[in-house]
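# Commentary on secondary and tertiary structure
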Amino acid sequence: MAGLTQQLWGVEFQSPVLLASGTCGYGQEYAGLIPLDELGGIVTKAVSVEPRPGNPPHRVAETPGGMINAIGLQNVGLERFREEKLPWLAENLDRSHVLVNVVGHTADDFATVVADLDDAEGFLGYEINVSCPNVKGGTLFGTDPEALGELVRRVRGSTDRPVIVKLTPNVPDIAVYARVCEDAGADGLSTINTFPGMLIDVDARRPVIGNLSGGVSGPAILPMGVYLTWQAARAVEIPIIGIGGIRTARDALQYVLAGASLVQVGTALFVDPDVAINVHREISTYLDQQGVARLADLVGALETSGHV
Ligand SMILES: Cc1cc2nc3c(=O)[nH]c(=O)nc-3n(C[C@H](O)[C@H](O)[C@H](O)COP(=O)(O)O)c2cc1C
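Reference entry: report on the structure contained in this document. (Residues numbered from 1 in each chain as written. Predicted model: local features only at pLDDT ≥ 70, side-chain atom pairs only at ≥ 80, totals over all residues.)

### Looking at the sheet that holds strand 6 (residues 66–69)
Across the sheet, four strands lie side by side as 5-6-14-11; this open sheet has antiparallel pairing. Of all the strands in the sheet, just strand 5 (60–63) and strand 11 (195–197) have a single pairing partner and so form its edges. Within the sheet, the average angular offset between the axes of one strand and its neighbour, ignoring direction, is 35°. Bridging between strand 5 and strand 6 involves four bridges; their strand directions are antiparallel. Bridge pairing links Glu62 to Met67 in strand 6. (Pairing = 2+ DSSP bridges. Helix = DSSP H or I, 4+ residues; strand = E, 2+ residues; numbered from the N terminus. Axes fitted to C-alpha atoms, helices over the stretch in contact; angles between N-to-C directions.)

As structure tokens, then:
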């Protein structure tokens, strides 16, 4: 599927479709279930310096248009990730790329994870998570332009690999944060992480989620994700990965037309693990039907003339 390839960050992505952080574990969980090596790649669960146990249950619940989660960045920690998870990825993924989602309480934490992993095999670059609404301080960096710039400069100085910053939708103007990242040396942006939300069990008169609130994802957030991707794409030159509510090729193509070079599929995987590979294949069908030779020609190709 030649038309689907994207050249970014010095490598070729054979497909524009990646699996979103936190919805595909460390890849191994989907082995044998879906052809991971046919996709553009996967983004690992967040990796922090120390292992994290995550939040108390319930951690997930279904919503009318998707789900709410407060996993709380549960992860195996840097050491086990490097010793157990990365070798599996290095051995089993030849053609699809791996981005390591990184999280920390301080800039030092982020830099420690990056510096420690940097000489390991099995991944292309980093997705810096400054946008988790489910843990205390999870969006601290993502909502303060000054702190965000400092963090990105710090991470940038710790690696030559691609640094992609995953932005939160919970800011008044995402273009400001996009520009801060670009100016600080980021190679790309992921837009967007989840929106904060709450579900209440009216019989128990208690919050459904143990953490009280959580992050909302799935089809309900698609229009917001497309809009915020469009706003970010207009503000910067660096490539963007569009995320939020993607279930079909046409959902993914909305992100591409808004300015995304790649997309990630998350919540939809919990309904149907084949959804990402189907999106990939159906984008190819769309290109054939429309007579478009390369997906790259559609990136940011939204036509707005005649609109106000
Ligand atoms: C269960 C769950 C866990 C997640 N964990 C992470 C995470 O560790 N790091 C991160 O950057 N985003 C995480 N996310 C956010 C997703 O990567 C994605 O940005 C968001 O869910 C929107 O995409 P979707 O609507 O396709 O799910 C998580 C989402 C879900 C549903």
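### Describing the sheet that holds strand 8 (residues 125–129)
What the eight strands build is a closed barrel, ordered 3-4-7-8-9-10-15-16; its pairing is parallel. Across the sheet, the mean angle from the axis of one strand to that of its neighbour is 25°, orientation sign disregarded. Pairing analysis gives three bridges linking strand 3 (residues 17–19) to strand 16 (residues 262–265), with the strands arranged parallel. Paired with Val17 across the strands is Val263, a residue of strand 16. Packing of helix 2 (residues 107–117) onto the sheet brings it into contact with strand 7 (97–102) and strand 8, and relative to strand 7 it is tilted by some 150°. (Contact = placed C-beta atoms within 7 Å.)

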